[in-house]
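# Observations on the three-dimensional arrangement
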Amino acid sequence: MNKKIIKAVLILIVFLFILIAGIEIYKIFNKNSEPILEENVVEFYKVTYLVDGEIYTEMDIPSDTKKIISLPASPSKNGYVFKYWELDGIEFNIDTKIDKDISLNAVFEKNSDTKVKSIKLNITSVNLNVNESFTPTVVITPNNATDKSLTWTSSNTKVVTVNNNGKITAKGPGVATITVKSSNGKKATYKVDVYDFYDLILLWGQSNMVGTMKSNTTDNTNLLKNIDSDIIKHNVSYSRVTVDMPKNVAYEYLALSNSLVDISSNPTTFGETVYYANGKITTSKTGESMQTHKSTGTNMIPYFAKEYYEKTHHKLIIVLAASGGRSIIRFTPSSDSNLYNLMVTKYKIAENYILSKNDHNRILNKFYVVYQGESDVNDYAIPRYKDSYMQVHQGLLKDLKLSFGAMVYMVNASLNDPTSNKNILKFRKVQQELVKNNSTIIKASDFPYTELSKGNTSILCPSDNKIHLNSAGLSQVGKEIAKNIYLSGKIKNY
């Protein structure tokens with residue numbers, strides 16, 4: 001080859017080498033001066049979810065992720081159950097890599113008629129008091145049963161009623177069976193025992209408790225003092241205050257007829273004239289036996305019952321065994337008068353009547369209220385009153401299994417100014433000591449003594465019977481008795 005050609009080729013090769021090297025060197029030293037270009041541009045793939053050819057929702061998937069992170073909420077279709085999303089006729093796997101736009105179709109399965117296999121309740125039996133309510137928990141198997149409708153029935157609606165949601169309400173004492181049934185005949189049952197509770201209260205004493213008031217229609221409302229407004233509102237006359245209370249919650253027991261009288265009916269007669277002879281309550285006097293008295297006109301019982309029920313919501317039964325004009329010695333267990341035996345016997349047969357009337361009746365609280373003392377206000381009777389009273393008190397607690405006694409402090413209204421009679425003050429002091437020194441005796445009422453000390457006779461009966469408080473005064477005493485018994489904390493609840 002010609003040397004000139006060879007030399008030219010070599011020169012060209014050297015030139016090209018130098019040119020290429022220069023370019024690379026230039027790139028190295030001029031790297032930061034080059035324009036910045038976008039790198040790793042992220043693209044998105046669209047995933048379209050279709051339900052029967054209609055767009056349900058859409059989702060953008062970054063090309064660098066290439067995966068669906070989460071599927072949308074399952075669509076619903078009437079009469080069908082959603083199964084899965086499908087891609088090209090195959091169930092879509094969420095781990096599938098996405099490298100293009102895709103469409104996923106919802107696959108449904110026709111909903112079959114799933115029958116109820118069983119019904120279970122969280123109880124087999126329940127005990128309720130009258131007027132209480134209860135709703136059991138129901139478990140239906142399987143949980144996806146097509147028809148979960150239930151029908152509830154009670155075997156005795158006088159005892160228990162049940163609504164469409166399974167809530168039961170106790171109506172009266174007794175037993176009932178509650179049945180729940182599905183549309184295809186599956187069922188469950190439970191037993192309900194309903195108990196009716198009463199507080200059985202003995203009222204004993206004299207005078208103001210059973211005194212007969214002469215009918216007097218004079219409106220004395222404007223004269224009343226220290227009387228609550230609700231009593232004044234219902235005051236009719238000296239001898240009449242009406243009560244407003246629900247029916248079938250407060251009763252008086254009558255031994256002769258072996259029956260209960262609903263106090264809500266505003267009876268004007270309480271108690272019964274009966275004797276005790278030969279171990280029995282009788283209508284005729286035998287020997288030295290003494291009787292309990294009937295009270296005509298309004299005494300303290302109606303408002304006591306009204307206030308007691310409002311405070312405790314307990315049904316109550318009054319056993320009245322009082323005899324006007326009898327001193328405490330006549331009520332002691334050792335007395336020949338048999339007043340003690342009479343009231344104990346009457347109380348026991350009242351208790352037996354309640355419990356035997358229905359085997360679901362229960363007696364919750366048993367105590368006495370005494371309004372007594374006017375016949376003991378003399379120098380001879382006061383010293384013995386404490387011992388005599390404790391004989392009666394301890395006897396009643398033991399023989400009748402009472403929990404406590406409630407004492408009404410005596411209000412003697414026979415004098416225009418009773419503070420002038422020192423014996424009255426002595427007697428009240430003895431009563432106060434009895435309450436203070438015995439945990440099973442509470443103060444039931446201490447009707448405003450100061451009002452009487454001013455010579456005010458507006459709370460007394462008409463002039464021919466000043467020894468008794470009028471109907472408003474007695475109603476006030478009855479209300480205070482119930483209130484103080486409630487506040488004593490001695491009443492047991494259901």
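Details of the structure are given in the entry above.
Our subject in this report is the structure included herewith.

Calculation notes
- Residues numbered from 1 in each chain as written.
- Predicted model: local features only at pLDDT ≥ 70, side-chain atom pairs only at ≥ 80, totals over all residues.
- Heavy atoms only, no water.
- Pairing = 2+ DSSP bridges.
- Helix = DSSP H or I, 4+ residues; strand = E, 2+ residues; numbered from the N terminus.
- Buried < 20%, exposed > 50% of the residue type's maximum accessible area, 1.4 Å probe, protein only.
- Contact = heavy atoms within 4.5 Å.
- Salt bridge = Lys/Arg side-chain N within 4 Å of Asp/Glu carboxyl O.
- Core = buried A, V, L, I, M, F, W, Y, C linked by side-chain atoms within 4.5 Å.
- Expected span 1.5 Å × (residues − 1).

## A look at the sheet that holds strand S12 (residues 168–170)
The 3 strands lie next to each other as S8-S12-S11, forming an open sheet whose pairing is antiparallel. One side of each edge strand has no neighbouring strand; the edge strands of this open sheet are strand S8 (133–134) and strand S11 (160–162). Bridging between S8 and S12 involves 2 bridges; their strand directions are antiparallel. When the bridges of S12 are listed, Phe134 appears paired with Ile168.

## So, the sheet that holds strand S5 (residues 102–110)
With respect to topology, 5 strands assemble into an open sheet ordered S2-S1-S5-S3-S4, the strand pairing being mixed. Strands with a single pairing partner mark the edges of an open sheet, and in this sheet they are strand S2 (54–62) and strand S4 (90–91). Of the strand pairs in this sheet, strand S3 (residues 80–87) and S5 are connected by 6 bridges, and their pairing is antiparallel. Bridging from a neighbouring strand, Trp85 pairs with Ala106 of S5.

## Topic: the environment of Ile301
Structurally, the position occupied by Ile301 is in helix H3 (residues 301–312). Among the residues examined, Ile301 registers a relative accessible area of 0% and is labelled buried. Ile301 sits 177 residues away from Gly478 along the chain, and the two C-alpha atoms are 6.3 Å apart. When near neighbours in sequence (up to four residues on either side) are disregarded, Ile301 contacts Leu203, Ile263, Phe270, Ile318 and Leu320.

## Description of the pattern of salt bridges
Under the counting rule described, the total for this entry stands at 14 salt bridges. Here Asp193 ties to Lys191 by a salt bridge, and the two come within 3.6 Å at their closest N and O atoms. Asp193 gets classed as buried once you look at its relative accessible area, which sits at 9%. Overlapping salt bridges, with partners in common, bring together Asp228, Asp230 and Lys479 in one network.

## Considerations on the nonpolar core
Counting residues in each nonpolar core, the largest one holds 47 residues, and the members touching the most others are Leu202, Trp204, Met343, Tyr368, Tyr389 and Leu396. Contributions of two or more residues to this core are made by strand S14 (187–205), strand S17 (250–254), strand S19 (269–277), strand S22 (315–322), helix H4 (339–357), strand S23 (361–371), helix H5 (381–399) and helix H6 (422–437). The element that contributes the greatest number of residues to this core is H4, accounting for 9 residues. Setting aside chain neighbours within four positions, we find Tyr368 in contact with Leu202, Trp204, Tyr389, His393, Leu396, Leu397, Leu402, Phe404, Gly405 and Ala406.

## Quick look at H3
Taking 1.5 Å per residue as the helical rise, H3 with its 12 residues ought to reach 16 Å, and the 16 Å between its terminal C-alpha atoms agrees with that figure. H3 sits mainly inside the fold: 10 of its 12 residues count as buried.

## So, the pairing of S14
Taking burial as the measure, the 19 residues of S14 include 16 buried ones, the bulk of the element. Bridge count between strand S13 (residues 174–182) and S14: 8 bridges; the pairing is antiparallel. Among the inter-strand pairings, Ile178 is bridged to a residue of S14, identified as Tyr190. Counted along the chain from S13 to the antiparallel partner S14, the turn is 4 residues long, and its residue Gly185 has a positive phi close to 95°. When S14 meets S23, the two strands line up parallel, connected through 10 bridges. Residue pairing in the sheet places Leu200 in a bridge with Lys366 of S23.

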